[in-house]
Amino acid sequence: LNSRSHMPNRNIAKVSGSAGTHIPSLWLLKKGKVMPEDYEILPAVLVIHPSGYTEFLDADMSSMTSGEIESFIYGEDLEVVHSSEYLAAITEECGLEKNLIMYFARKAVAEDFEDNYVGSMLYDGDAEVRGPIIIALEDKENNVSSFESEEDIENVFEAIDDLSGILRRETDDDGRYDPWA
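Predicted, not measured: the structure shown is a model, and the values here were computed from it. (Residues numbered from 1 in each chain as written. Predicted model: local features only at pLDDT ≥ 70, side-chain atom pairs only at ≥ 80, totals over all residues. Heavy atoms only, no water.)

Here the focus is the packing of aromatic side chains. Taken as a whole and judged by the stated rule, the model has two aromatic pairs. Measuring from centroid to centroid gives 5.7 Å for Phe56 and Phe157, while their planes differ by 40°, and the two rings are tilted. Linking Phe56 in strand β2 (residues 54–58) with Phe157 in helix α5 (residues 150–164), this pair joins segments that are 101 residues apart in sequence. On the basis of relative accessibility, which here comes to 3%, the residue Phe157 falls in the buried class. (Phe/Tyr/Trp six-rings, centres within 6.5 Å; stacked < 30°, edge-to-face > 60°. Helix = DSSP H or I, 4+ residues; strand = E, 2+ residues; numbered from the N terminus. Buried < 20%, exposed > 50% of the residue type's maximum accessible area, 1.4 Å probe, protein only.)

What follows is about the pattern of salt bridges. Across all of its chains, the model carries six salt bridges by this definition. A salt bridge links Glu76 to Lys107, with the nearest nitrogen and oxygen atoms 3.3 Å apart. Taken as a pair, Glu76 in the loop between α2 (66–72) and β3 (78–81) and Lys107 in the loop between β4 (99–105) and α4 (117–122) lie far apart in primary sequence, 31 residues in all. When its relative accessible area of 36% is taken as the criterion, Lys107 is described as partly exposed. Close ionic contact of Glu128 with Arg130 constitutes a salt bridge, the shortest N to O distance being 3.0 Å. With a relative accessible area of 14%, Arg130 lands in the buried category. If you follow the salt bridges from partner to partner, you end up with Asp112, Asp115, Glu128 and Arg130 in one network. (Salt bridge = Lys/Arg side-chain N within 4 Å of Asp/Glu carboxyl O.)

Of all the five residues making up strand β1 (residues 44–48), five are buried; the element is thus mostly covered by neighbouring parts of the structure. Because side chains alternate across β1, one face comprises the buried residues Ala44, Leu46 and Ile48, and the other comprises Val45 and Val47, equally buried. Two elements, β1 and β2, share five bridges in a ladder whose sense is antiparallel. Within β2, the residue paired with Leu46 across the bridge is Phe56. Connecting β1 to the next strand, β2, in antiparallel fashion are five residues, including Gly52 with a positive phi near 100°. Of the strand pairs in this sheet, β1 and strand β5 (residues 133–138) are connected by three bridges, and their pairing is antiparallel. Across the sheet, Leu46 pairs through a bridge with Ile135, a residue of β5. (Pairing = 2+ DSSP bridges.)

Below, the structure written as structure tokens:
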């Protein structure tokens, strides 16, 4: 995916329905018990691996250092995509009050990390994105934040999956990207 001409021209459908049901289901599968109703999983971000494996990680982006953010994606020299056609469309379709942003490691290409189709697509095909990416939020003053609503993070996951068709939620570590494997 090196140019916009290779990007799919799909309309983003409004996400509705089962928002908010997947995280409690994963809790049950991973922990073997029902998630307590008062348990707070937020703030959280999406980490999308090249395989499509997607993690919902507890993370407060507003108080994290760049080193802490880099640890989520196994890389350094963060690149931040503040706007793209796809990120803007998903933001609008999901009715988010803040804009979606994407982080990836610039040095992932030099480190020969695996291609991340979703990352390249969300960057409008303007760059080769490799390794895991982080999806978070940003306000008009460029203050970064995490998702504060389970419905918002679920809707964003579903919208990105509608576009890419490759996102997966796993019940174990299979599919998680390990650049040193």
